[in-house]
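Chain by chain, the residues run as shown.
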Amino acid sequence: MTTALGVFGLCYLFVWCFVGLYLGIKHESHVEELESSAKKGSLTDYFGIWSAWKMHAGAHGHALLLALICIIVALIMPQIGLADMAKTILAVLLIVGTVLASVFHWFYFKPLLGLGSALFLIGILMTIVGFVKGL
Ligand code: HEM
Ligand code: HEM
C-alpha cells in the first residue's frame, strides 16, 4: 500500500497541475469580471466572484499540498512503527481524505469536504504516533 500511496500522490500532483493551468487560462477573465463589478460598485457581486475563485484556487492549492504530504508519508513509511494492517489503513485514510477534501472543496460540498479533512487529519495523527513509535 506504500507504493500505492506514493503513486497516488504523484498522479494527483500531475492531475491538479492541469487544474492550475485551467485557473491560469481563466485568470484574465476573472480579473476583468472583478474589475467590472468594482466599477459598478456592486460589493455583493464582487464578493461572489471573488469567493467562487478563491474556492477553486483553494481546492487546487490543497489538492497539491495534501498530495505532497501523501508522497512524504510514503517516503517515511519504513520509519513508521505500525503493523502492516495499520499502515494499510493509514494509506487508505490519506488517499480517500485527499480526494474527498479536494474534490468537494472545488464543488464546495461541506459534509464531504469535512469528512475528507477529518480522514486526512486522522491519517496524519496515525503517522505521528507511528513515527514516534518507530524511533
Ligand atoms: C503546473 C502546475 C501549476 C499551475 C499551472 C498552477 C497555477 C495556479 C494558479 C493559476 C493559481 C491561482 C492564482 C490566483 O489566485 O490568481 C494557483 C494557486 C495556488 N497554487 Fe498552483 N499551480 C501549479 C502547481 C502548484 C503546486 C505544485 C502547488 C503546491 C504544491 C500549488 C499551490 C498553489 C496554492 C497554495 C495556490 C493558492 C491557493 C489559494 O489562493 O488559496 N500550485 N496555482
Ligand atoms: C485537513 C487539513 C486542512 C484543512 C481543514 C485546511 C483548511 C484551510 C482553510 C479553512 C483555509 C482558508 C480558506 C479560505 O478562507 O480561503 C486554508 C487555507 C490555506 N491552507 Fe489549508 N487546510 C488543511 C491543510 C493544509 C495543508 C496541509 C497545507 C500546506 C501544506 C495548507 C495550506 C494552505 C494554504 C497555502 C492556504 C491559503 C492561504 C491564503 O490563501 O491566504 N492547508 N486551509
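Rules used throughout
Residues numbered from 1 in each chain as written. Chains lettered and ligands numbered in written order. Predicted model: local features only at pLDDT ≥ 70, side-chain atom pairs only at ≥ 80, totals over all residues. Helix = DSSP H or I, 4+ residues; strand = E, 2+ residues; numbered from the N terminus. Rg over C-alpha atoms; globule rule 2.2 N^0.38 Å. Buried ≥ 20, exposed ≤ 12 C-beta atoms within 10 Å, placed from the backbone. Contact = placed C-beta atoms within 7 Å. pLDDT = per-residue confidence, 0-100. Expected span 1.5 Å × (residues − 1). Core = buried A, V, L, I, M, F, W, Y, C linked by C-beta atoms within 7 Å. Near = placed C-beta within 6 Å. Nonpolar A, V, L, I, M, F, W, Y, C, P; charged D, E, K, R; others polar.

### What to know about the overall build of the chain
Thinking step 1. Looking only at helices and strands, one finds 4 helices and 0 strands in the chain.
Thinking step 2. Written out in order from the N terminus, the α and β elements of the chain read α-α-α-α.
Thinking step 3. What you see for the chain is a C-alpha radius of gyration of 18 Å, clearly larger than the 14 Å of a compact globule of 135 residues, by over 25%.
Thinking step 4. Over its C-alpha atoms, taken along the principal directions, the chain stretches across nearly 60 × 25 × 20 Å.
Thinking step 5. Buried positions account for 27% of the 135 residues belonging to the chain.
Thinking step 6. Nonlocal contacts in the chain, meaning residues at least 24 apart in sequence, comprise 72% of its contacts between residues at least 6 apart.

### Focus on the confidence of the model for the chain
Thinking step 1. Predicted confidence across the chain gives a mean pLDDT of 97, with 100% of residues reaching 70 or more.
Thinking step 2. Mean pLDDT in the chain bottoms out at helix H1 (residues 2-40), which sits at 96, and peaks at helix H4 (residues 110-133), which reaches 98.

### What about helix H3 (residues 84-106)?
Thinking step 1. When the terminal C-alpha atoms of H3 are compared, their 33 Å separation across 23 residues agrees well with the 33 Å that a helix rising 1.5 Å per residue should span.
Thinking step 2. For H3, the set of buried residues is Lys 87, Leu 90, Ala 91, Leu 93, Leu 94, Ile 95, Gly 97, Thr 98, Leu 100, Ala 101, Ser 102 and His 105.
Thinking step 3. Contacts made by the buried residues of H3 are with H1, helix H2 (43-76) and H4.

### Overview of the nonpolar core
The nonpolar side chains of a soluble globular protein tend to be buried with one another.
Thinking step 1. Core analysis: the largest hydrophobic core is formed by 24 residues, its most contacted members being Leu 5, Cys 70 and Leu 94.
Thinking step 2. The set of elements that each furnish at least two residues to this core consists of H1, H2, H3 and H4.
Thinking step 3. Other than its neighbours up to four places away in sequence, Leu 94 contacts Leu 5, Cys 70, Val 73, Phe 120 and Gly 123.

### Some thoughts on the site of ligand 2
Thinking step 1. Around ligand 2 sit Lys 54, Gly 58, Gly 61, His 62, Leu 65, Leu 66, Ile 69, Ala 101, Ser 117, Phe 120 and Leu 121, and those are all the residues in its vicinity.
Thinking step 2. In terms of residues, the shell around ligand 2 owes the most to one element, H2, which gives 7 residues.
Thinking step 3. For the shell around ligand 2, the residue count by class is 6 nonpolar, 4 polar and 1 charged.

### Quick notes on the site of ligand 1
Thinking step 1. Neighbouring ligand 1 are 13 residues, the closest being Cys 17, Gly 20, Leu 23, Gly 61 and Leu 64.
Thinking step 2. Of all the secondary-structure elements, those providing two or more residues to the shell around ligand 1 are H1 and H2.
Thinking step 3. Here the shell around ligand 1 gets 7 residues from one element, more than from any other, and that element is H2.
Thinking step 4. Residue composition of the shell around ligand 1, grouped by class: 7 nonpolar, 6 polar and no charged.

### Structural notes on the environment of Ser 37
Thinking step 1. Tracing the backbone shows Ser 37 in helix H1.
Thinking step 2. Judged by the 18 C-beta atoms lying within 10 Å of it, Ser 37 is partly exposed.
Thinking step 3. As for Ser 37 and Ile 49, which are separated by 12 residues in sequence, their C-alpha atoms are 8.8 Å apart.
Thinking step 4. Excluding anything up to four places from it in sequence, Ser 37 contacts Ser 42, Asp 45, Tyr 46 and Ile 49.

### Some words on H2
Because an α-helix packs 3.6 residues into every turn, residues spaced three or four apart end up facing the same way.
Thinking step 1. Its 34 residues give H2 an end-to-end C-alpha distance of 48 Å, which sits within 8% of 50 Å, the value for a rise of 1.5 Å per residue.
Thinking step 2. All buried positions along H2 are accounted for by Ala 59, His 60, His 62, Ala 63, Leu 66, Ala 67, Cys 70, Val 73 and Ala 74.
Thinking step 3. In the core, the buried residues of H2 are packed alongside H1, H3 and H4.

### Re unusual backbone geometry
Thinking step 1. Positioned with a positive phi, Tyr 108 is a non-glycine residue whose angle comes to about 45°.
Thinking step 2. Residue placement: Tyr 108 occurs in the loop between H3 and H4.
Thinking step 3. Residue Tyr 108 is classed as partly exposed on the basis of its C-beta count, with 13 C-beta atoms lying within 10 Å.

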